[in-house]
Amino acid sequence: MFARFLKDESGATAIEYGLIAALIAVAIIAGASAIGTELAETFGFIQTQLDNANSSATGAGS
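Residues numbered from 1 in each chain as written. Predicted model: local features only at pLDDT ≥ 70, side-chain atom pairs only at ≥ 80, totals over all residues. Heavy atoms only, no water.

Asker: Break down the overall build of the protein chain for me, with residues and values.
Answerer: Along the backbone of the protein chain there are two helices and zero strands. Computed over the C-alpha atoms, the radius of gyration of the protein chain is 27 Å, more than 25% above the 11 Å expected from 2.2 N^0.38 for a compact globule of 62 residues. Considered along the principal axes of its C-alpha atoms, the protein chain spans approximately 90 × 10 × 10 Å. Counting only residues that meet the buried cut, the protein chain has 0% of its 62 residues in that class. Taken as a whole, the protein chain presents about 5500 Å² of accessible surface, with 68% of it coming from carbon and sulfur. (Helix = DSSP H or I, 4+ residues; strand = E, 2+ residues; numbered from the N terminus. Rg over C-alpha atoms; globule rule 2.2 N^0.38 Å. Buried < 20%, exposed > 50% of the residue type's maximum accessible area, 1.4 Å probe, protein only. Areas by Shrake-Rupley, 256 points an atom, 1.4 Å probe, with all protein chains shown as cover.)

Asker: Go over helix α2 (residues 10-58) with me, naming the residues and quoting the values.
Answerer: Since the α-helix packs 3.6 residues into each turn, any two residues three or four apart lie on the same face. Given a rise of 1.5 Å per residue, 49 residues ought to cover 72 Å, and the 71 Å separating the end C-alpha atoms of α2 matches this to within 8%. Following α2 by one or two positions, Gly59 adopts a phi angle in the positive range, close to 85 degrees. (Expected span 1.5 Å × (residues − 1).)

Asker: How would you explain a nonpolar patch on the surface if you had to name every residue and give the values?
Answerer: Side chains of Ile35, Leu39, Phe43, Phe45, Ile46 and Leu50 sit close together on the surface and give an oily, nonpolar patch of about 640 Å² of accessible area. By relative accessible area, Ile35 is classed as exposed at 54%. (Patch = residues over 30% accessible without salt bridge, like charges linked within 9 Å, V, L, I, M, F, W, Y side chains within 5 Å. Salt bridge = Lys/Arg side-chain N within 4 Å of Asp/Glu carboxyl O.)

Asker: Report on the environment of Thr58, specifying residues and quantitative values.
Answerer: Along the chain, Thr58 falls in helix α2. Along the sequence, Thr58 and Ile29 sit 29 residues apart, while their C-alpha atoms lie 43 Å from each other. For Thr58, the side chain forms a polar contact with the main-chain oxygen of Ser55, separated by 3.4 Å. (Polar contact = N/O pair within 3.5 Å; in protein donor to acceptor, adjacent residues only side chain to side chain.)

Here you go:
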């Protein structure tokens, strides 16, 4: 019975799959965070450009 327990690798396989899933989740979170930061900067730049264009068009910037 003890020898059969030592030969059983089903728990090790489950742990390996769990580790792989965790690494994939970390990669997805890191990628989403990087994309989110880039999008925030891009939309911030666009907002600034639109605000400047609006100020120029209405004469408030002069």
